[in-house]
Amino acid sequence: MHAIIAYDISDNKTRLKFFKFLREKGLHSQKSVFECEMGQEEITSVQRYATSLDMQPQDSVVIYPLCNRCARHAIILGQGIRVVQMDWMVI
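Residues numbered from 1 in each chain as written. Predicted model: local features only at pLDDT ≥ 70, side-chain atom pairs only at ≥ 80, totals over all residues. Heavy atoms only, no water.

**A short note on the nonpolar core**
Among the nonpolar cores identified, the biggest contains 15 residues, and Ile-5, Tyr-7, Phe-18, Leu-22, Phe-34, Met-38 and Val-46 are the most heavily contacted of them. Among the elements that take part in this core, helix α1 (residues 12–23) stands out by supplying four residues, more than any other. Other than its neighbours up to four places away in sequence, Tyr-7 contacts Arg-15, Phe-18, Phe-19, Leu-22, Lys-31, Ser-32, Val-33, Phe-34, Ser-60 and Val-61. (Core = buried A, V, L, I, M, F, W, Y, C linked by side-chain atoms within 4.5 Å. Buried < 20%, exposed > 50% of the residue type's maximum accessible area, 1.4 Å probe, protein only. Helix = DSSP H or I, 4+ residues; strand = E, 2+ residues; numbered from the N terminus. Contact = heavy atoms within 4.5 Å.)

**Topic: the pairing of strand β1 (residues 2–8)**
The pairing of β1 with strand β3 (residues 33–37) spans five bridges and is classified as antiparallel. Within β3, the residue paired with His-2 across the bridge is Glu-37. Bridge count between β1 and strand β4 (residues 60–66): seven bridges; the pairing is antiparallel. Across the sheet, Ala-3 pairs through a bridge with Pro-65, a residue of β4. (Pairing = 2+ DSSP bridges.)

**Some remarks on the confidence of the model for the protein chain**
Averaged over all residues, the pLDDT of the protein chain equals 85, while 85% of them reach at least 70. Mean pLDDT values over the elements of the protein chain span from 77, in helix α3 (residues 68–72), up to 96, in α1. (pLDDT = per-residue confidence, 0-100.)

**Overview of α1**
Here α1 is twelve residues long and its end C-alpha atoms lie 16 Å apart, about the 16 Å a rise of 1.5 Å per residue gives. Buried residues along α1 sit in contact with β1, β2 (26–30), β3, α2 (40–52) and β4. (Expected span 1.5 Å × (residues − 1).)

In structure tokens:
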């Protein structure tokens, strides 16, 4: 399943920690957005990790799971890579 993970974390140290965690999971496609190919267990692990961070009340992490059909219909304007076209795997 495809997932879009967007975050807004105010503390630089916490944001960098989360960025490094997500960098191992998928493609850093925008400033605070990752596009990932992951199953439900991995989505749950991202959720657990985000919950364990020392985030401020105004901070947020949003995970949008997408079915394959929905991901294929994504509209990309400008430069961009479709997650469904990636031919690599994070091991």
